[in-house]
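Listed below are the residues making up each chain.
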Amino acid sequence: MSLRARSRRLAAAVAASATLAGLGLALPAQAQADSPVNYVALGDSYSAGSGVLPLDLSAPLECARSSLNYPHDLAAEAGLNLTDVTCGGAQTKDFAGTQYPGVAPQLDALDANTGLVTMTIGGNDSGVFIDAILACGSAGVVTLGFGHPCQTLYGSSFDNTIDNSTYPALVSALNAVRAKAPNARVAIVGYPWIVPSQAVPGCFVKMPIASGDIPYLRDLEAHLNSAVQRAAAATGAGYVDMSAASDGHDACQPIGTRWIEPVLFGTNYVPVHPNALGEAAMAGQAADTLGLN
């Protein structure tokens, strides 16, 4: 089955659980009928599809951008004119700054002719997401998967960083997008679930996180997505909610079910990131929220 066909089927499957987070988010019918909408994709590795082959050869190698990321899927499904500047490792500061030598600020891709902007961003700010995964993985190995050592060590520190640093950075970034693309619809796509709500048998081999820290990490991701959603509401952007759609498709699930690849024994060269199914599902959820399917 082609990726395009698989993307259509995934979009239909997740439509029933979609949340229409912005009632005014649907693209104007005339714009869709008359000419392709100029669509600019911003964001981090979850937007770039880092780890999914084949690579987008038009992108800087440092960005690890896939030609099967959700912006490419969404543009193909909806007939959009895509400019993709997503880049693995991006933080909100890289919207206005140079992430790598020779890589232009992502905001440079926007102008008054931009009709649609999507992004997934915030998880790399202040190192919260990656630091939490690494910290909890290291702590879990030490305790052989028992207890909740990561929660004991770090408590609310990651949550505090999200509230005090990530949320205001998201608001600033979204306001900057609006200033550069005043005529565009703007949507920020939330992060799909990385871990289940509770520990499941056999997961420790793939995700070496102590059983008691699985709900701790799940709550942390929920907190991050809540900050993303609040920032979207505060700036008039739409929010594409992945929580219901991705439930049961976390990194602990088997191949063919999971949308996120685990730390060990995964199929992506970048672990703890969406696979091709996950990127297609994000495209389907975005299409449903945007009214493009």
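So, how was this worked out
- Residues numbered from 1 in each chain as written.
- Predicted model: local features only at pLDDT ≥ 70, side-chain atom pairs only at ≥ 80, totals over all residues.
- Heavy atoms only, no water.
- Helix = DSSP H or I, 4+ residues; strand = E, 2+ residues; numbered from the N terminus.
- Buried < 20%, exposed > 50% of the residue type's maximum accessible area, 1.4 Å probe, protein only.
- Contact = heavy atoms within 4.5 Å.
- Core = buried A, V, L, I, M, F, W, Y, C linked by side-chain atoms within 4.5 Å.
- Pairing = 2+ DSSP bridges.
- Axes fitted to C-alpha atoms, helices over the stretch in contact; angles between N-to-C directions.
- Polar contact = N/O pair within 3.5 Å; in protein donor to acceptor, adjacent residues only side chain to side chain.
- 1 Å grid on protein atoms, 1.4 Å probe; cavity = no way out; pocket = protein on both sides within 12 Å on 5 of 7 lines; lining within 4 Å.
- Points joined across faces, edges and corners; volume = space filled by probe spheres on them.
- Disulfide = S-S within 2.5 Å.
- Phe/Tyr/Trp six-rings, centres within 6.5 Å; stacked < 30°, edge-to-face > 60°.
- Lys NZ or Arg CZ within 6 Å of the ring centre and 35° of its normal.

Student: Explain the overall build of the protein to me, and be specific about the residues and the numbers.
Tutor: Looking only at helices and strands, the protein has 11 helices and 5 strands in total. With 293 residues in all, the protein has 53% of them scored as buried. Contacts spanning at least 24 positions in sequence make up 72% of the contacts within the protein whose residues lie at least 6 apart.

Student: I'd like a rundown of the nonpolar core, residues and numbers included.
Tutor: Counting residues in hydrophobic clusters, the biggest one holds 27 residues, and the most contacted among them are Phe158, Ile194, Met207, Leu217 and Leu220. Of all the secondary structure elements, the ones that give two or more residues to this core are helix 5 (128–142), helix 7 (157–180) and helix 9 (214–235). No other element matches helix 5, which puts 7 residues into this core. With near-sequence residues (within four places) excluded, Leu220 lies in contact with Val128, Ala132, Phe158, Asp159 and Ile162.

Student: Hey, could you go over the environment of Ala48 for me, with residue numbers and the actual values?
Tutor: In this fold, Ala48 is placed in helix 3 (residues 45–48). For the pair formed by Ala48 and Val85, sequence separation is 37 residues and the distance between their alpha carbons is 8.2 Å. For Ala48, the residues in contact, after removing those within four places along its chain, are Cys63, Ala64, Arg65, Ser66, Asn69, Thr86, Cys87 and Gly88.

Student: If you had to explain the sheet that holds strand 3 (residues 116–119) to someone new, which residues and values would you point to?
Tutor: The 5 strands lie next to each other as 2-1-3-4-5, forming an open sheet whose pairing is parallel. The sheet terminates laterally at strand 2 (81–84) and strand 5 (238–240), the two strands that pair on one side only. Between one strand axis and the next, the sheet turns through 20° on average, direction left out of account. Summarising the sheet, strand 4 (residues 185–189) and strand 5 pair through 3 bridges and their orientation is parallel. Opposite Ala187, over in strand 5, you have Gly238 as the bridge partner. Of the strands in this sheet, strand 3 and strand 4 are in contact with helix 7, which crosses strand 4 at around 150°. Each of strand 4 and strand 5 touches helix 9; the most contacted strand, strand 5, lies at about 155° to it.

Student: With reference to specific residues and values, describe the environment of Ala181.
Tutor: In this structure, Ala181 sits in the loop between helix 7 and strand 4. Ala181 has contacts with Leu110, Asp111, Thr114 and Val117, leaving out every residue within four places of it along the chain.

Student: Can you break down the side chain of Ser66 residue by residue, with the values?
Tutor: Along the chain, Ser66 turns up in the loop between helix 3 and helix 4 (70–78). Residue Ser66 is classed as buried on the basis of its relative accessible area of 0%. A distance of 3.4 Å separates a polar side-chain atom of Ser66 from the backbone oxygen of Pro54. Aside from chain neighbours lying at most four places away, what touches Ser66 is Ala48, Gly49, Val52, Pro54, Leu55, Asp56 and His72.

Student: So what's going on with the layout of surface pockets? Residues and values would help.
Tutor: Taken as a whole, the largest pocket spans an internal volume of roughly 370 Å³. In this structure, the largest pocket is lined by 21 residues; those nearest its centre are Ile130, Ile133, Pro271, Val272 and His273. Only helix 3 and helix 5 provide two or more residues apiece to the lining of the largest pocket. A per-element tally of the lining of the largest pocket places helix 5 first, with 6 residues.

Student: Provide a residue-level description of the state of the cysteines, including the pertinent values.
Tutor: Considering all chains together, one arrives at 3 disulfides under this definition. Paired by a disulfide, Cys63 and Cys87 hold their sulfur atoms 2.0 Å apart. A torsion of -85° about the S-S bond marks the disulfide between Cys63 and Cys87 as left-handed. Placement of Cys63 in the loop between helix 3 and helix 4 and of Cys87 in the loop between strand 2 and strand 3 is noted, with a sequence separation of 24 residues between them. The burial state of Cys63 is the same as that of Cys87; both residues are buried. Put simply, Cys136 and Cys150 are joined by a disulfide, and their sulfur atoms are 2.1 Å apart. One disulfide, between Cys136 and Cys150, carries an S-S torsion of -75° and so falls in the left-handed class. Of this pair, Cys136 sits in helix 5 while Cys150 sits in helix 6 (residues 149–154), and the two are 14 residues apart along the sequence. Residues Cys136 and Cys150 agree in their burial class; the two are buried.

Student: A description of the packing of aromatic side chains should follow, citing residues and the corresponding values.
Tutor: Tallied over the full model, the rule gives 3 aromatic pairs. Their ring planes at 65° and their centres at 5.5 Å tell us that Phe129 and Tyr191 sit as a pair that is edge-to-face. In this pair, Phe129 sits in helix 5 while Tyr191 sits in the loop between strand 4 and helix 8 (203–206), placing the two residues 62 residues apart along the sequence. Three or more aromatic residues link up through ring pairs in this structure, and these residues are Tyr46, Phe129 and Tyr191. Cation over ring: Arg218 sits above Trp193, and NZ or CZ is 3.7 Å from the ring centre. Between Arg230 and the ring centre of Tyr167, over which it is positioned, the NZ or CZ distance is 4.4 Å.

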